[in-house]
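# Secondary and tertiary structure notes
The lines below spell out each chain.
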Amino acid sequence: MSPALPLSTLQSFSSLGDFTGQGLACRRGEKLIFRGLDFTLPPGGALVLIGPNGSGKSSLLRLMAGLTPREAGTLAWDGTDIREDPGAHRARLHFIGHSDALKPVLSAGESLAFWAKMRGQVFGNIGAAIEPALAWFGLGNAVSLPCRYLSAGQRRRLALARLIAAPAELWLLDEPLTSLDSDAAAQLLTVIAEHRAQGGRVALSTHAPIDLTDATRLSLADFRPSPTESAAELLA
Amino acid sequence: MSAFLSLVARDLRLAFRQGGDAAMVIAFFVLTVVLFPFGVGPEPELLQRIAAGIVWVTALLAALLSLERLFQADYEDGSLEALALLPLPLEAQVLAKCLAHWLVTGLPLIIVAPLLALLLHLDPAGYPALIAGMVLGTPTLSLIGAIGAALSLGARRGGVLLSLLVLPLYIPVLIFGVAAIEAEIAGFGARPDLLLLAALLVLAVGLVPFAAAAALRLALE
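These notes cover the structure that comes with them. Fair warning: this is a prediction, and the values are worked out from it, not measured in the lab.

## Observations regarding the interface of chain A and chain B
Of the residues lining the interface, 22 residues belong to chain A; the matching set on chain B comes to 21 residues. At the level of elements, helix H2 (86–91), strand E6 (93–96) and helix H3 (108–118) of chain A are the ones that each hand at least two residues to the side of chain A that touches chain B. A breakdown of the residues in the side of chain A that touches chain B according to their chemical character gives 12 nonpolar, five polar and five charged.

## Some points on the packing of H3(A) against helix H1 (residues 2–18) of chain B
At a minimum axis separation of 8 Å, H3(A) and H1(B) run at an interaxial angle of 150 degrees. Here H1(B) runs roughly antiparallel to H3(A), going by the angle between their axes. Between H3(A) and H1(B) lies a crossing of left-handed hand. Contacts between H3(A) and H1(B) involve Phe114(A), Lys117(A) and Met118(A) from the first element and Ser2(B), Ala3(B), Ser6(B), Leu7(B) and Arg10(B) from the second. Here the residues of the contact of H3(A) with H1(B) sort into four nonpolar, two polar and two charged.

## Details of the sheet that holds strand E4 (residues 72–77) of chain A
With antiparallel pairing, the four strands of this open sheet are ordered in space as E2-E1-E4-E5 (chain A). The open sheet has two edge strands, strand E2 (31–41) and strand E5 (80–81) of chain A, and neither has a second partner.

## Considering helix H7 (residues 127–151) of chain B
All names here are of chain B. Along its 25 residues, H7 runs 36 Å from first to last C-alpha, staying within 8% of the 36 Å computed at 1.5 Å per residue. Of all the bends in H7, the greatest, near 30 degrees, is centred on Val-135, and the proline Pro-139 appears no more than four residues after it. By the criterion of burial, H7 is predominantly enclosed, with 21 of the 25 residues buried.

## Comments concerning the pairing of strand E7 (residues 170–174) of chain A
Residue and element names in this part refer to chain A. With five of its five residues buried, E7 lies for the most part within the structure. Of the two faces of E7, the one carrying Leu-170, Leu-172 and Asp-174 and the one carrying Trp-171 and Leu-173 are both buried. As paired elements, E7 and strand E8 (residues 201–205) share five bridges and run parallel to each other. Along E8, the bridge assignment pairs Leu-170 with Arg-201.

## Re the packing of helix H6 (residues 90–119) of chain B against H7(B)
All names here are of chain B. Orientation of H6 relative to H7, taken along the N-to-C sense of each, is 150 degrees, at an axis distance of 8 Å. With respect to their mutual orientation, H6 and H7 come out roughly antiparallel. Here the hand of the crossing between H6 and H7 comes out right-handed. The segment H6 lies against H7, with Val-94, Cys-98, His-101, Trp-102, Gly-106, Leu-109, Ile-110, Ala-113, Pro-114 and Ala-117 engaging Tyr-127, Leu-130, Ile-131, Met-134, Val-135, Thr-138, Pro-139, Leu-141, Ser-142, Leu-143 and Ala-146. Of the residues contributing to the contact of H6 with H7, the split by class is 17 nonpolar, four polar and no charged.

## Observations regarding the sheet that holds E8(A)
Residue and element names in this part refer to chain A. Spatially, five strands are ordered E6-E7-E8-E3-E9 in an open sheet, and the strand pairing comes out parallel. Each end of this open sheet is capped by a strand with a single partner; those strands are E6 and strand E9 (216–219). Averaged over all adjacent pairs, the angle separating strand axes in this sheet is 15 degrees, with direction ignored. Where E6 lies against E7, four bridges are found, and the strand directions are parallel. The partner of Phe-95 across the bridge, within E7, is Leu-172. Of the strands in this sheet, E6 and E7 touch helix H5 (residues 152–165), which is tilted by about 175 degrees from E6.

## Observations concerning helix H9 (residues 191–220) of chain B
Counted at 1.5 Å a residue, the expected span for H9(B) with its 30 residues is 44 Å, and the 43 Å between its end C-alpha atoms agrees. By the largest-angle criterion, Leu207(B) marks the main kink of H9(B), which is about 40 degrees, and a proline, Pro209(B), follows within four residues.

Cut-offs applied
Residues numbered from 1 in each chain as written. Chains lettered and ligands numbered in written order. Predicted model: local features only at pLDDT ≥ 70, side-chain atom pairs only at ≥ 80, totals over all residues. Contact = placed C-beta atoms within 7 Å. Helix = DSSP H or I, 4+ residues; strand = E, 2+ residues; numbered from the N terminus. Nonpolar A, V, L, I, M, F, W, Y, C, P; charged D, E, K, R; others polar. Axes fitted to C-alpha atoms, helices over the stretch in contact; angles between N-to-C directions. Parallel < 35°, antiparallel > 145°, perpendicular 65-115°, else oblique. Left-handed = near helix turned anticlockwise from the far one by under 90°. Pairing = 2+ DSSP bridges. Expected span 1.5 Å × (residues − 1). Bend = angle between axes of the 7 residues up to and from the residue. Buried ≥ 20, exposed ≤ 12 C-beta atoms within 10 Å, placed from the backbone.

Read these as layout, nothing more, since geometry by itself doesn't imply function.
Pasting the structure below:
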């Protein structure tokens with residue numbers, strides 16, 4: 001039986017502006033992956049990115065995070081381009097990519113405490129921030145276990161526990177359901193629902209059907225350049 | 001500031017848990033210096049003449065050894081990506097990682113260097129300049145190395161590339177490090193050379209974070 005999610009650990013957010021992208025295009029190497037992509041992510045909103053492998057789901061999430069430069073288009077938070085204040089943008093987002101960012105020699109508790117501290121979580125006792133997060137994802141008895149002994153699913157849970165351990169308004173999750181069992185997937189969905197209820201926003205990519213209420217589905221395949229466009233671009 | 005210190009503490013903890021780095025650097029330093037008496041002969045006059053150069057050149061090479069891992073492990077396990085997205089600017093994180101790197105490798109080099117100088121019959125007058133020079137010079141080595149480590153991320157045979165990038169940039173530190181010792185022994189005083197080493201360190205602290213952070217962002221694109 002999983003413990004109740006302590007609501008106090010999820011902060012509520014009050015910014016009202018939308019996170020929007022307009023006319024976004026992304027290039028990886030020589031290849032244009034998508035172009036003309038628009039999205040709007042209001043407070044409490046969710047964006048589910050779907051599409052075949054290589055259609056640019058991860059690239060779009062990295063673009064939203066500011067890791068990958070965009071080829072064209074604007075990306076704005078409440079009307080302000082995120083490039084104007086990259087520090088403020090980084091401070092409001094959590095990006096959980098494909099890799100779990102764990103060190104084999106650090107224990108689960110140490111890893112999570114490190115990431116929480118790096119996001120400015122300075123509770124008198126860092127344990128107060130990380131224990132509920134670990135407990136929620138069923139890692140309560142793995143606190144002192146070095147990460148090299150964790151299974152793939154446990155590593156994934158530990159990476160996701162960062163979402164609870166330190167608050168951030170925008171969650172960017174790249175295939176968060178990978179290697180999670182059905183219980184952990186359900187726990188993740190509960191956290192996401194709670195986060196949205198507090199005014200937080202989430203954008204995630206997935207191949208598995210995911211059950212999020214009022215989520216906007218964005219199919220990346222719709223924004224793939226047509227063969228004629230690609231050919232014209234090669235000639236240009 | 002607390003995030004900065006957390007990053008330093010985490011890198012130190014990783015270094016102590018994994019062991020390897022500091023021990024390897026020191027072992028390399030000692031073994032290589034010990035090779036010289038075998039190579040050039042044990043005559044004290046000869047060794048005394050080249051002692052400063054041997055200690056400094058070997059210290060440069062030893063510092064180079066551990067640089068490859070400075071960002072590589074974080075890059076491979078996805079930590080670097082997560083670090084780049086933290087509120088703490090990547091430039092400050094580069095400084096934190098260099099500080100941790102220096103504490104793990106530079107500091108032990110400073111402690112061992114006088115013992116090795118003894119082995120090479122360095123003139124007793126040269127010891128203060130040796131130690132002061134290393135205190136000012138080894139942090140510069142870690143900092144300059146950080147640019148090379150960031151630029152060679154993701155490259156095949158990154159270690160070789162790193163050496164080619166970094167060794168030419170180490171030359172000023174080597175020149176003034178050795179010159180400080182020789183000037184002190186010759187009775188001119190090491191002050192000008194030590195001041196130049198300090199100037200190099202100040203330059204490196206000011207410029208390296210921006211260069212290395214830009215290279216890391218490029219590697220993460």
